[in-house]
Amino acid sequence: MSQNGSNNFVTVRIQRYNPEVDKKPRLQEYQVKLKAGMTVLDALHEIKTHHDGSVTFRRSCRHGICGSCAMNINGRNTLACETPLKDEVDSRGRVTIRPLPYLPVIKDLVVDRTTFWEQYLRVKPWLVPPDNIPEKEFRMSPEEVEALHSAETCIMCGACYSSCTVIGLNKRYIGPHALLKAFLRVLDPRDAAPGERLADIAGADGVYRCHTVFNCIDACPKGLNPTQAIETLRKLAQKRQKFEAARRERQQHLSEPISVK
Ligand code: F3S
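What counts, and at which threshold
Residues numbered from 1 in each chain as written. Predicted model: local features only at pLDDT ≥ 70, side-chain atom pairs only at ≥ 80, totals over all residues. Heavy atoms only, no water. Axes fitted to C-alpha atoms, helices over the stretch in contact; angles between N-to-C directions. Helix = DSSP H or I, 4+ residues; strand = E, 2+ residues; numbered from the N terminus. Parallel < 35°, antiparallel > 145°, perpendicular 65-115°, else oblique. Left-handed = near helix turned anticlockwise from the far one by under 90°. Contact = heavy atoms within 4.5 Å. Nonpolar A, V, L, I, M, F, W, Y, C, P; charged D, E, K, R; others polar. Near = heavy atom within 4 Å. Buried < 20%, exposed > 50% of the residue type's maximum accessible area, 1.4 Å probe, protein only. Arc of directions from axis to C-beta. Pairing = 2+ DSSP bridges.

## Some remarks on the packing of helix α4 (residues 142-152) against helix α6 (residues 176-187)
It is at 9 Å that the axes of α4 and α6 come closest, and there the two elements cross at 160 degrees. Judged on the interaxial angle alone, α6 and α4 are roughly antiparallel. Classified by chirality, the crossing of α6 by α4 is left-handed. Of α6, the residues touching α4 (which contributes Ala147, Leu148, Ala151 and Glu152) are Leu180, Phe183, Leu184 and Leu187. Across the contact of α4 with α6, the residue classes break down as 7 nonpolar, no polar and 1 charged.

Here it is as structure tokens:
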């Protein structure tokens, strides 16, 4: 598994770069003993604890929920905490870890996500409730819940955003993460601003800027499909007024029982 003569060691190559002192990034190698069930994040912890405390990376939950440990492993954006180390070892016994592409490096594997969050806020990711909020609960049909379900499981890790080549060329593009959130709000029968949202995302930096590259689907560690969400938003933007009228009508009945077929 490794070139050092042992089958139990993996050569973990980490991109090191501190913009304050380094002229350019370099790969630094560490030998890590492969243990049963070890993830790439475990290997990074091992390196930081026992080899080199200066190696810098983000992590938090270790369970694929917080999205902090998204990075580029062997050329693919994914979550380090959900990636078994042994699955990534190449024929030369190496695993190569780099920061998420297209984002400025703060240090080593930590990137500056400012544009990512700015674009997220741009789509107003919060729910805009109707004036006539039901006294009890909103009643949504199983079909309405199902339509939102997958988009709701996005953990905002940034893997899709930094895999999109359009982002690489143009940071004004809203991006798959924020458009998936816009999809979630537009499709939500409780939201009272679908027309305004559709008008916003049909602008120059929105859904028509997507070139259907599909990288966002490949990168998503949760198996979501931002491309399909963007395509749905394109179609809805073309019939925005009709969609708005249907939403107004739907919101007259938000507190009524739903008949389950
Ligand atoms: Fe980018 Fe995904 Fe569109 S990778 S170009 S947002 S299909």
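## A look at the site of the ligand
The environment of the ligand is formed by 13 residues, the closest being Cys164, Tyr173, Cys210, His211 and Cys216. Counting only elements with at least two residues in the shell around the ligand, the list comes to α8 (215-219) and α9 (226-238). Considering only residue class, the shell around the ligand consists of 9 nonpolar, 4 polar and no charged.

## Overview of the environment of Phe138
The residue Phe138 is located in the loop between α3 (114-122) and α4 in this model. Phe138 sits in the partly exposed class, given a relative accessible area of 25%. Expressed as a C-alpha distance, the spacing of Phe138 and Ala36, which sit 102 residues apart in the sequence, is 47 Å. Phe138 has contacts with Pro130, Ile133, Arg190 and Leu254, leaving out every residue within four places of it along the chain.

## Quick word on helix α7 (residues 194-201)
Because an α-helix completes one turn every 3.6 residues, residues spaced three or four positions apart along the sequence face the same direction. Of all the positions in α7, only Pro194, Gly195, Arg197, Leu198 and Ile201 are classed as buried. Considered in projection along α7, the buried side chains sweep an arc of 160 degrees and stay on one side of the axis.

## Some thoughts on the pairing of strand β5 (residues 94-98)
With 4 of 5 residues buried, β5 lies mostly within the body of the structure. Bridge analysis of strand β1 (residues 9-16) against β5 gives 4 bridges, and the strand direction is parallel. The residue of β5 that forms the bridge with Ile14 is Ile97. Across 2 bridges, strand β3 (residues 70-73) lies against β5 in antiparallel orientation.

## Topic: the pairing of β1
Among the 8 residues of β1, 7 are classified as buried, and the element is accordingly described as predominantly covered. Two strands pair when backbone bridges link them, and β1 and strand β2 (residues 26-33) are joined in this way by 8 bridges, in the antiparallel orientation. Following the sheet pairing, Thr11 is matched in β2 by Gln31.

## Considerations on the sheet that holds β1
Pairing is mixed across the open sheet formed by 5 strands, whose spatial order is β2-β1-β5-β3-β4. The sheet is open, and its two borders are formed by β2 and β4 (76-79), each paired with just one other strand. Averaged over all pairs of adjacent strands, the angle between strand axes in this sheet comes to 35 degrees, irrespective of strand direction. In terms of strand pairing, β3 meets β4 through 4 bridges, oriented antiparallel. Bridge pairing links Met71 to Thr78 in β4. Packed on one face of the sheet, helix α1 (residues 40-51) meets β1, β2, β3 and β5 and runs near 95 degrees to β2.

By themselves these figures say nothing about function.
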